[in-house]
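Chains, contacts and geometry: an overview
Take a look at the letters that make up each chain.
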Amino acid sequence: PAAKIIPMSQHTENLVKPIFPDKTLSNIPVGIDTDNYKCLWNTEEEKGAYRRALGFSEDTFVIGLAGDIKFTRKSWAENIEGIRIFCDKHPEIKLGIYVHTNISKLSQFDFRIPALMEKFSLSNVTRYTEQYKYLKGTTEEELNRIYNGMDVYLSASRGEGFGIMFLEAQV
């Protein structure tokens, strides 16, 4: 059981505090700039432009993966296997996968994302963020445009601190 609960939003605090009044702390705003992280499109044609910017056609259903590749906490292998299962169950869907991370294996515990995509026969539908640009740094505006090109942001991890990427992706 948790010693203390730190809610990620006012909404969560309102739901959890009545159940665990002595354990629930006040929520700590995580610093998401809602003036930046927001929906940037109003029509399917505009949405298609964001998909094209990621390297997909307008009619592609885009699943986005982002975050660190360190060890098993982000569950990259499980997320990618889940996408394979989804593809097998829904062959009628034109699928695209956009990966926003450093795809280089930096330590013995890191995943090689391209190898996982190959293992699950997903290489042909996968696009990666430009590695130089990723390592140099992605601005919040660029990241929001990436999120706007996705239909689903997938990150079923084993644990998160504040899970900021989940909040950013809620456009």
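Position numbers for residues start from 1 in each chain and track the written sequence from start to end. Per-residue local features of the predicted model are confined to residues with pLDDT of at least 70, and side-chain atom pairs are confined, for both listing and counting, to 80 or more; whole-chain, interface and lining totals are unaffected and use all residues. As a rule here, side-chain values come from all non-hydrogen atoms in the structure, and water together with hydrogens is ignored.

**Quick notes on the packing of helix H2 (residues 44-53) against helix H6 (residues 140-149)**
Inclusion rule: Only the stretch in contact is used when fitting a helix axis, every axis being a line fitted to C-alpha atoms; angles between N-to-C directions are given from 0 to 180 degrees. The way it works is that DSSP assigns letters per residue, a run of H or I at least four long becomes a helix, a run of E at least two long becomes a strand, and they are numbered from the N terminus. Angles below 35 degrees are treated as roughly parallel, those above 145 as roughly antiparallel, those between 65 and 115 as roughly perpendicular, and all remaining angles as oblique. Note on convention: near helix rotated counterclockwise from far helix by under a right angle means a left-handed crossing. Clockwise means right-handed. Here, residues are in contact when the closest pair of their heavy atoms is within 4.5 Å. In this classification, Asp, Glu, Lys and Arg are treated as charged, Ala, Val, Leu, Ile, Met, Phe, Trp, Tyr, Cys and Pro as nonpolar, and every other residue, Gly included, as polar.
Taken N-terminus to C-terminus, the directions of H2 and H6 make an angle of 115 degrees; their axes are 8 Å apart at the nearest point. Between H2 and H6, the angle is such that the two are roughly perpendicular. In this structure, H2 crosses over H6, and the sense of that crossing is left-handed. Side by side, H2 and H6 meet where Lys47, Tyr50 and Arg51 of the first sit next to Arg145, Asn148 and Gly149 of the second. Partitioned by chemical class, the residues of the contact of H2 with H6 number 1 nonpolar, 2 polar and 3 charged.

**Some words on the sheet that holds strand S1 (residues 61-66)**
Quick note on the threshold: Think of it this way: DSSP has to see at least two bridges between two strands before they count as a pair.
One open sheet accounts for 4 strands, arranged S3-S2-S1-S4; its pairing is parallel. Both outer strands of the open sheet, strand S3 (126-128) and strand S4 (152-153), are each paired with one neighbouring strand and no more. Relative to the sheet, helix H3 (residues 76-89) contacts S1 and strand S2 (95-100), its axis offset from that of S1 by approximately 170 degrees.

**Considering unusual backbone geometry**
In the Ramachandran plot, Ser121 falls in the positive-phi region, its phi being about 55 degrees despite a non-glycine side chain. With respect to the helices and strands, Ser121 occurs in the loop between helix H4 (113-119) and S3.

**A look at a negative patch on the surface**
As a reminder, the rule being used: Two joining distances apply to patches: 9 Å for like charges and 5 Å for nonpolar side chains (Val, Leu, Ile, Met, Phe, Trp, Tyr), and every residue must have over 30% relative accessible area and no salt bridge. Residue burial considers only the protein chains on display, and all accessible areas are found by Shrake-Rupley using a 1.4 Å probe. Salt bridges are identified by distance alone: a Lys or Arg side-chain nitrogen within 4 Å of an Asp or Glu carboxyl oxygen. Charged residues are defined narrowly, with Lys and Arg counted positive, Asp and Glu counted negative, and His plus the chain ends left uncounted. By convention, charge coordinates are those of NZ in Lys, CZ in Arg, CG in Asp, or CD in Glu.
On the surface, a cluster of negative charge is made up of Asp33, Asp35, Glu140 and Glu141. Positionally, Asp33 belongs in the loop between helix H1 (10-16) and H2.

**A look at the nonpolar core**
The line we're drawing: Residues grouped as a nonpolar core are buried Ala, Val, Leu, Ile, Met, Phe, Trp, Tyr and Cys residues, joined through side-chain atoms within 4.5 Å. When accessible area is computed with a 1.4 Å probe and restricted to protein chains, residues below 20% of their type maximum are described as buried, those above 50% as exposed, and intermediate ones as partly exposed.
Trp76, Ile80, Ile97, Ile113 and Leu122 are the most contacted members of the largest nonpolar core, which has 18 residues in total. Elements that contribute at least two residues to this core include exactly S1, H3, S2 and H4. When neighbours within four sequence positions are excluded, Ile80 is seen to be in contact with Leu65, Ile113, Leu116, Met117, Phe120 and Leu122. By size, the runner-up hydrophobic cluster in this structure holds 11 residues, among which are Leu54, Phe56, Val62 and Tyr147.

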